[in-house]
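Single-letter residue listing:
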Amino acid sequence: MKTLLPLTAALGLTAAFAQGAPTNWTGARLAAATYVILDPVIEGNQNLVSAEQRASILAAMKRDSGGAIKRRYPRATITDNAAAPGAIQVRPVFVAPRSLVPWNKLGARLEFRVPEGQNVVLNESFGISVLLRYRAEFVNYMYDQLAQRLP
């Protein structure tokens with residue numbers, strides 16, 4: 001199992017995905033699916049921003065992750081109803097670095113849970129320079145990059 005971790009990290013996928021995505025994890029299914037965007041999570045150093053900025057980032061994560069999925073799959077449905085039958089649950093995650101220095105990385109993750117109980121996780125790292133380039137649109141950019149890797 002240890003040998004999978006470096007390979008999966010290089011691919012931006014978790015070990016769970018490397019062992020095999022759900023058999024119905026197809027573009028056709030995902031394109032017509034219903035998605036529930038769960039409350040987003042910030043991991044890492046949350047003290048880099050104020051409480052007000054953190055609330056704004058969390059709201060952007062929820063909105064922009066759903067928007068990225070909808071842009072990838074225009075026929076998909078995004079709902080707030082966590083009990084929607086057959087819905088794929090999506091948890092957006094942002095991984096903050098210890099400090100905002102040029103060599104540190106920011107992380108983004110979309111954790112999918114299909115109704116059958118299996119999980120698929122997509123993750124990506126971004127340099128601080130990308131944050132500076134996209135500024136207010138950074139969260140939108142992050143999740144668009146992840147959504148483009150969906151089947």
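These figures come from a predicted structure and were not determined experimentally. (Residues numbered from 1 in each chain as written. Predicted model: local features only at pLDDT ≥ 70, side-chain atom pairs only at ≥ 80, totals over all residues. Heavy atoms only, no water.)

Q: Would you mind going over the pattern of salt bridges with me for this structure?
A: Pairing between side chains of opposite charge can happen when the charged atoms of each approach one another. The tally for this structure, following the rule as stated, stands at seven salt bridges. The salt bridge partner of aspartate 144 is arginine 71, with a shortest N-O separation of 2.8 Å. Of the two residues, aspartate 144 sits in helix α6 (residues 138-147) while arginine 71 sits in helix α4 (residues 51-72), which places them 73 residues apart along the sequence. For aspartate 144, a relative accessible area of 19% translates into the label buried. Each of the salt bridges in this network shares a partner with another, and the network as a whole consists of Glu43, Arg109 and Glu111. (Salt bridge = Lys/Arg side-chain N within 4 Å of Asp/Glu carboxyl O. Helix = DSSP H or I, 4+ residues; strand = E, 2+ residues; numbered from the N terminus. Buried < 20%, exposed > 50% of the residue type's maximum accessible area, 1.4 Å probe, protein only.)

Q: Just to check I follow, could you spell out the nonpolar core for this structure?
A: One recurring pattern in soluble globular proteins is that nonpolar side chains are buried together. In terms of nonpolar packing, the biggest core is built from 35 residues, with Tyr35, Phe112 and Tyr143 touching the most fellow members. At the level of elements, α3 (27-31), β1 (34-37), α4, β4 (88-96), β5 (105-113), β6 (119-127), α5 (128-134) and α6 are the ones that each hand at least two residues to this core. The leading source of residues in this core is α6, at seven residues. Setting aside chain neighbours within four positions, we find tyrosine 35 in contact with Leu30, Ile69, Tyr73, Ala76, Thr77, Ile78, Thr79, Ile88, Val90 and Phe112. (Core = buried A, V, L, I, M, F, W, Y, C linked by side-chain atoms within 4.5 Å. Contact = heavy atoms within 4.5 Å.)

Q: Sorry, what's going on with α4 here?
A: Each α-helix winds once per 3.6 residues, and so residues spaced three or four apart point in a common direction. Along its 22 residues, α4 runs 31 Å from first to last C-alpha, staying within 8% of the 32 Å computed at 1.5 Å per residue. Buried residues along α4 sit in contact with β1, β2 (41-44), β3 (77-79), β4, β5 and α6. (Expected span 1.5 Å × (residues − 1).)

Q: Hey, could you run me through the side chain of arginine 109 in this one?
A: Relative to the helices and strands, arginine 109 resides in strand β5. In terms of polar contacts, arginine 109 uses its side chain to reach the side chain of glutamate 111, at 2.8 Å. Among residues more than four places away in sequence, those in contact with arginine 109 are Glu43, Arg91, Pro92, Val93, Val95, Val121, Leu122, Asn123, Tyr143 and Leu146. (Polar contact = N/O pair within 3.5 Å; in protein donor to acceptor, adjacent residues only side chain to side chain.)

Q: Teacher, can you tell me more about the layout of surface pockets here?
A: By rolling a water-sized probe across the atoms, one finds the places where empty space is left. Of the volumes computed, that of the largest pocket is approximately 510 Å³. Lining of the largest pocket is provided by 21 residues; of these, Val49, Ile57, Phe94, Leu131 and Val139 occupy positions nearest its centre. Looking at the lining of the largest pocket, the elements with two or more residues in it are α4, β4 and α6. (1 Å grid on protein atoms, 1.4 Å probe; cavity = no way out; pocket = protein on both sides within 12 Å on 5 of 7 lines; lining within 4 Å. Points joined across faces, edges and corners; volume = space filled by probe spheres on them.)

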